[in-house]
Amino acid sequence: MKKNIFKIVLVFLLLVLYIYVILIQSIPDNIIIFEGETIGIKNILGIKAYLTSDNDEKAIETLSNVQNKDINSSGKKTVKLSLFDNIFLKNVNIDVLPKTTVIPVGNIAGIKLYTSGVLVVGMTEIQGMDNKKYKPFENSGIEEGDTIVSINNNKIESTEKLIEVVNSCNGNEIEIQYVHDNKTLECSITPVQTAKQEYKLGLWVRDSAAGIGTVTFYEPSTGYFGALGHGITDIDTEQLIDISTGEFVTTKILNVLKGESGNPGKIQGTVDNQKNIGTIIKNTKFGIYGKIENLNSINIDTSKEIELALRNEIQVGKAKILCSLENQKIEEYEIEIEKIYKENNYDNKSMLIKVTDERLLEKTGGIIQGMSGSPIIQNGKFVGAITHVLVNNPKEGYAVFGDIMLKQMRTVK
């Protein structure tokens, strides 16, 4: 009986220890905040912290004090974490950014992305010259969603380059370098020759993607922009596209399809033969970011510079969005911020919003594809951007905090 109790207690203690370790590991190594924001580290029983800055160390008794402490000066700071003030655990680097101003945009633009290497989007059997079916990729380790970056030490930047290198092997085994789950791996594949005298790997690949979306903001002090509020994923693999570069171009709106329950609407446009706006540098789960090179092409009003709203300044209630449903014509529409998830730093569903403007509801039925990135303004400050629609209720959707987008943009440089 005592042995059973001992085992139960031991298992319980090990479980508690495991959960404790997981909680500590969940604290990020690096945190970016703006002046006036709290650090936001989760409070964990027994953990003490010391906030240091410019060689000035100040003891903070509990994590909750650090969590609720406003940081009102920019610069690099460090939070040192220890267990019961005796066992050092880790340092958390805090990058405090000065408050900034942006120009909300709301204009529709075209997006062209070019991948780092070529993205594997499918696999298929190859019929060889002997009419037998082969799977040359089998047991290679390559999967859908992986990116091929080189073959026989030849850098692969396009589908055309991959075809050229594979056909030059004359049926000999080739060495492939590819990226899987952010890890660079290597494998060997012997291409199969077809009846058309071509060599194939049995892989469907893609090297670019195109679409349209809304430019959220422009930051005059840096010349950078943010758009969409969500990342661009591959239509086949549903994974975030790892880009080498991209182009932002003007677009011509062709049609607006109204959304209804169970059937999201969309803005249809073309990116062909349009003017260059700028360069896309980064595709993240919180939007795409880059440098504006031609302000005149996107019709930005430089007189409408406003402050970024911190999360404690955002309120449930009325707000407005900027949106373009006609070429180069940006209009304001009323919305309601219904819920705010202030502690959410992990996805782009920071706020639940509802379209209340009858003009917009008449035109679109609510939130439609292409409106992602539409900037939200409340009390004269930039609050965030629309990111998702609720498929069964197009009047409602989600939005991401503006501070998250600005912090993501800071990592572009």
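As the structure is a computational prediction, the values presented were derived from the model and not from experiment. (Residues numbered from 1 in each chain as written. Predicted model: local features only at pLDDT ≥ 70, side-chain atom pairs only at ≥ 80, totals over all residues. Heavy atoms only, no water.)

(A) Spotlight on the sheet that holds strand β24 (residues 317-326). Strand order in this closed barrel of six strands is β24-β25-β26-β29-β28-β27, and the pairing throughout is antiparallel. Across the sheet, the axes of successive neighbouring strands diverge by a mean angle of 40°, strand direction being ignored. Its contacts with the sheet put helix α6 (residues 402-410) on β28 (381-390) and β29 (393-401), and the angle it makes with β29 is roughly 50°. (Pairing = 2+ DSSP bridges. Helix = DSSP H or I, 4+ residues; strand = E, 2+ residues; numbered from the N terminus. Axes fitted to C-alpha atoms, helices over the stretch in contact; angles between N-to-C directions. Contact = heavy atoms within 4.5 Å.)

(B) Representation of the pairing of β28. Pairing of strand β27 (residues 375-378) with β28 involves four bridges; the strand directions are antiparallel. Pairing of Q378 across the sheet is with K381, part of β28. Between β27 and β28, which pair antiparallel one after the other, the connecting turn spans two residues, and N379 there sits at a positive phi close to 50°. One ladder, built from six bridges, connects β28 with β29; its direction is antiparallel. Of the residues in β29, the one forming a bridge with I386 is A399. Where β28 folds back onto β29 in an antiparallel hairpin, the turn is made up of two residues.

(C) Just the state of the cysteines, in detail. Here the structure, examined in full by the defined rule, presents zero disulfides. Just so you know, C169 is unpaired, no disulfide at all, and the nearest cysteine sulfur is the one on C187, 13 Å from it. Judged by relative accessible area, which is 8%, C187 ranks as buried. (Disulfide = S-S within 2.5 Å. Buried < 20%, exposed > 50% of the residue type's maximum accessible area, 1.4 Å probe, protein only.)

(D) Fine view of the nonpolar core. Ranked by internal contacts, the top residues of the largest apolar core, which has 44 residues, are F217, I321, M351, I353, M371, I376 and L406. If you list the elements that add at least two residues to this core, you get β24, β25 (329-340), β26 (351-355), α5 (358-364), β27, β28, β29 and α6. Counting residues per element, this core draws most heavily on β24, which supplies five residues. Beyond its immediate chain neighbours, meaning those up to four positions away, F217 contacts V102, I103, P104, V105, Y224, F225, G226, Y289, F382, M405, L406 and M409. (Core = buried A, V, L, I, M, F, W, Y, C linked by side-chain atoms within 4.5 Å.)

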